[in-house]
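Summary of structural features
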Amino acid sequence: MKETTKEQRTRARMMPGAITLSGFLGKDKRTLNAIISADEQELEKLGKTAEELADRMFYFTDASFSTYDGTITVDEYYIVETEVTRGKLPCPYAHGGIFRKAITKLTNTKNNTSVTWSFLNIHLIKDHHFFEGKGSTFRLEPAKLVETLY
Ligand SMILES: [Zn+2]
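Summary of the structure given here. (Residues numbered from 1 in each chain as written. Predicted model: local features only at pLDDT ≥ 70, side-chain atom pairs only at ≥ 80, totals over all residues. Heavy atoms only, no water.)

1. Description of the overall build of the protein chain
Scanning the protein chain for helices and strands turns up five helices and four strands. Taken from N to C terminus, the helices and strands of the protein chain fall in the order α-α-α-β-β-β-β-α-α. Here the protein chain holds 150 residues, and 43% of them are scored as buried. Residue pairs at least 24 apart in sequence account for 56% of intrachain contacts in the protein chain once pairs closer than 6 positions are excluded. A total accessible area of about 8,300 Å² is found for the protein chain, and carbon and sulfur atoms account for 52% of it. (Helix = DSSP H or I, 4+ residues; strand = E, 2+ residues; numbered from the N terminus. Buried < 20%, exposed > 50% of the residue type's maximum accessible area, 1.4 Å probe, protein only. Contact = heavy atoms within 4.5 Å. Areas by Shrake-Rupley, 256 points an atom, 1.4 Å probe, with all protein chains shown as cover.)

Here's what the structure looks like:
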């Protein structure tokens, strides 16, 4: 499917140096639609929706947001740390959404898996079903995410 002008503009904002230094696409050459629909199919196999994952991510980020130093344990099995830095980032879809710069690291002690996401990732997953391109710094593999979040 050919990209629309709107998609091309969004893609341009996702390139390295536009909104973030490393960008959102990594080495992925697929169109945004192709990236998103592949991940949606993956989610279907996993039996989860993007909204469910994003809500769960927000739950952990929110729980650890005000612990400025160190980690907290949530619900017995999850070790969470959120590092908040100065500044804000706009959503590359350019609808006016602005997000704080915060990085959350979650470790699931039941299966010893860890995953790291940014505050913007939560929004991108929830509202755009976008897990970032393959090879991107903050690319989140749906299967890995499910394994660690539950
Ligand atoms: Zn957005």
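That was the structure; now back to the text.
2. Notes on helix α5 (residues 142–149)
Where α5 is concerned, the buried positions are Pro142, Leu145, Val146, Thr148 and Leu149. Next to the buried residues of α5 lie α2 (32–46), α3 (50–64), β2 (78–90), β3 (98–108), β4 (113–118) and α4 (119–128).

3. So, the coordination of the zinc ion
Ideal geometry at a metal centre: 109.5 degrees between donors when four sit tetrahedrally, and 90 or 180 degrees when six sit octahedrally. Coordination of the zinc ion by the protein involves Cys91 (SG), His95 (NE2), His123 (NE2) and His128 (NE2), with metal-donor separations of 1.9 to 2.2 Å. Because the angles between the four donor atoms bound to the zinc ion fall within 103 to 115°, the donor set is best described as tetrahedral. Donor residues for the zinc ion sit on one chain with the sequence pattern C-x3-H-x27-H-x4-H. Considered together, His123 and His128 belong to a single accessibility category, that of buried residues. (Donors = N, O, S within 2.8 Å, 3.2 Å for Na, K, Ca; no water. Tetrahedral: all angles 85-135°; square planar, octahedral: opposite > 155°, others 65-115°.)

4. With respect to the packing of α2 against α5
It is the contact of α2 with α5, at a shortest axis distance of 9 Å, that shows an interaxial angle of 40°. As judged from the angle between their axes, α2 and α5 are oblique. The hand of the α2/α5 crossing is right-handed. In this structure, α2 contributes Asp39, Glu42, Leu43 and Leu46 to the contact, and α5 contributes Pro142, Ala143 and Val146. Here the residues of the contact of α2 with α5 are counted per class, giving five nonpolar, no polar and two charged. (Axes fitted to C-alpha atoms, helices over the stretch in contact; angles between N-to-C directions. Parallel < 35°, antiparallel > 145°, perpendicular 65-115°, else oblique. Left-handed = near helix turned anticlockwise from the far one by under 90°. Nonpolar A, V, L, I, M, F, W, Y, C, P; charged D, E, K, R; others polar.)

5. Re the pattern of salt bridges
This model, assessed by the stated rule, comprises six salt bridges. Measuring nitrogen to oxygen at the nearest pair gives 2.5 Å for the salt bridge that ties Lys126 to Asp55. Of this pair, Lys126 sits in helix α4 while Asp55 sits in helix α3, and the two are 71 residues apart along the sequence. In this structure Asp55 comes out as partly exposed when scored by relative accessible area, which is 40%. A salt bridge links Lys134 to Glu141; the shortest N-O distance between them is 3.3 Å. Taking the relative accessible area as the measure of exposure, Lys134 reaches 39% and is therefore partly exposed. According to the relative accessible area criterion, Glu141 is partly exposed, its value standing at 36%. (Salt bridge = Lys/Arg side-chain N within 4 Å of Asp/Glu carboxyl O.)

6. Re the nonpolar core
Within the largest apolar cluster, 36 residues are counted, with the highest numbers of intra-cluster contacts made by Trp117, Phe130 and Leu145. If we ignore the near neighbours within four places in the chain, the residues touching Trp117 are Met57, Phe60, Thr61, Ala102, Ile103, Thr104, Leu106, Ile122, Phe138, Leu140, Leu145 and Leu149. (Core = buried A, V, L, I, M, F, W, Y, C linked by side-chain atoms within 4.5 Å.)

7. A look at the packing of α3 against α5
Remark: α3 packs on α5, axes separated minimally by 11 Å, with the N-to-C direction vectors making an angle of 50°. Between α3 and α5, the interaxial angle falls into the category oblique. The crossing of α3 and α5 is left-handed. In contact with Leu53, Arg56, Met57 and Phe60 of α3, α5 contributes Leu145, Val146 and Leu149. Looking at the contact of α3 with α5, its residues break down into six nonpolar, no polar and one charged.

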